[in-house]
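As a plain string of letters, each chain reads:
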Amino acid sequence: MARKTKTADPVEDNGGAVRLSDVAYNRILEALFDRKVQAGAFVSQGELSELVDVPVAPLRDALRVLEAEGILTIHPRSGIQFVRPGLELTRSTYQFRSILEKAAIRVFAEQGDESLVGSMLERHLRLMLAIGVEGLGPAELVEMEALEQVLHNAVIGVFHNPLIDSSYRRMHNYLRLLRLDRKLTAPVALRTLKEHVEIIEACRARNADKAEQALDAHFQAAMNRNLGLI
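Residues numbered from 1 in each chain as written. Predicted model: local features only at pLDDT ≥ 70, side-chain atom pairs only at ≥ 80, totals over all residues. Heavy atoms only, no water.

## Thoughts on the environment of His160
Next up, step 1: Along the chain, the position of His160 falls in the loop between α6 (138-156) and α7 (162-178).
Next up, step 2: For the pair formed by His160 and Tyr94, sequence separation is 66 residues and the distance between their alpha carbons is 21 Å. (Helix = DSSP H or I, 4+ residues; strand = E, 2+ residues; numbered from the N terminus.)

This is how it looks when you write it as structure tokens:
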């Protein structure tokens, strides 16, 4: 939710060496999500190279990937402009997320691991109780982020499809961007958890139709929260 999570560690190439372009990719995203670079900001390659401490050549490789993913725009001989969250990005992100997960949730509802479903439900109910008693503190925020990833990664992971997994990871970057300016309060957290519980309970009942309906309702509410409508 509002809690930030680190991007994946840089990977190694076939020779075992860390690719500087991957280092640059991760550091640019973290600079954006840590607000070292503001959404919508316009910066030069030199400024960005200095900020993330990566030479310009591998930085350019990373920038091309991030441009293809819609995180920024490269303006030749001018600089780099980072995307600013808005209505269109929010709608596009949730539309894409819905297309992927509404298909996955039906499979997960019918075939998902029963012990995993039970564990997720227990953790959600425990966190709802904790927030109701203690409020929304640092520990609760960490668990909120963990449960967000556990539920949605479990759903999308049911396909065991690396292409879908890769697309979903990129989509998660958009979600993090959309949530940068969102304030998470105890009532909002409890509504989100309640929506999750409805999805999980439908999956525990092996009711694919109800699970899809609950997921769709959750995404509609989440999109409206990101737009500040509720």
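## As for the nonpolar core
Next up, step 1: Core analysis: the biggest nonpolar cluster contains 57 residues, and Ile28, Leu48, Phe82, Ile105 and Phe108 have the highest contact counts within it.
Next up, step 2: Top element by residues in this core is helix α1 (residues 20-33). It accounts for eight residues.
Next up, step 3: Once residues lying within four places of it in the same chain are set aside, the contact partners of Phe82 are Ile28, Leu32, Val37, Gln38, Gly40, Ala41, Val43, Leu48, Ile71 and Leu72. (Core = buried A, V, L, I, M, F, W, Y, C linked by side-chain atoms within 4.5 Å. Buried < 20%, exposed > 50% of the residue type's maximum accessible area, 1.4 Å probe, protein only. Contact = heavy atoms within 4.5 Å.)

## Some details on the sheet that holds strand β2 (residues 72-75)
Next up, step 1: Across the sheet, which stays open at both edges, the three strands sit in the order β1-β3-β2 with antiparallel pairing between neighbours. Edge positions in the open sheet fall to β1 (42-43) and β2, since each of these has one partner strand only. (Pairing = 2+ DSSP bridges.)

## Some words on the pairing of strand β3 (residues 79-82)
The side chains of a regular strand alternate between the sheet's two faces.
Next up, step 1: As paired strands, β1 and β3 are joined by two bridges and run antiparallel to one another. Its bridge partner lying in β3, Phe42 is registered against Gln81.
Next up, step 2: Where β2 hands over to β3, the hairpin turn is made up of three residues, of which Arg77 adopts a positive phi near 60°.

## Observations regarding the pattern of salt bridges
Next up, step 1: Summed over the entire model, instances satisfying the criterion amount to 14 salt bridges.
Next up, step 2: One salt bridge connects Asp61 with Arg64, and the closest N-O pair in it is separated by 2.4 Å. Within this pair, Asp61 and its partner Arg64 are both found in helix α3 (residues 56-68), separated by three residues, close to a single helical turn.
Next up, step 3: The class of Arg64 is partly exposed, set by a relative accessible area of 49%.
Next up, step 4: Between Arg126 and Glu122 there is a salt bridge whose closest N-O contact spans 2.9 Å. Placement of both Arg126 and Glu122 in helix α5 (residues 114-134) is noted, with a separation of four residues, approximately one turn of the helix.
Next up, step 5: Among the charged side chains, a salt-bridge network with shared partners connects Arg97, Glu101, Glu148 and Arg179. (Salt bridge = Lys/Arg side-chain N within 4 Å of Asp/Glu carboxyl O.)

By themselves, these figures tell us nothing about what the structure is for.
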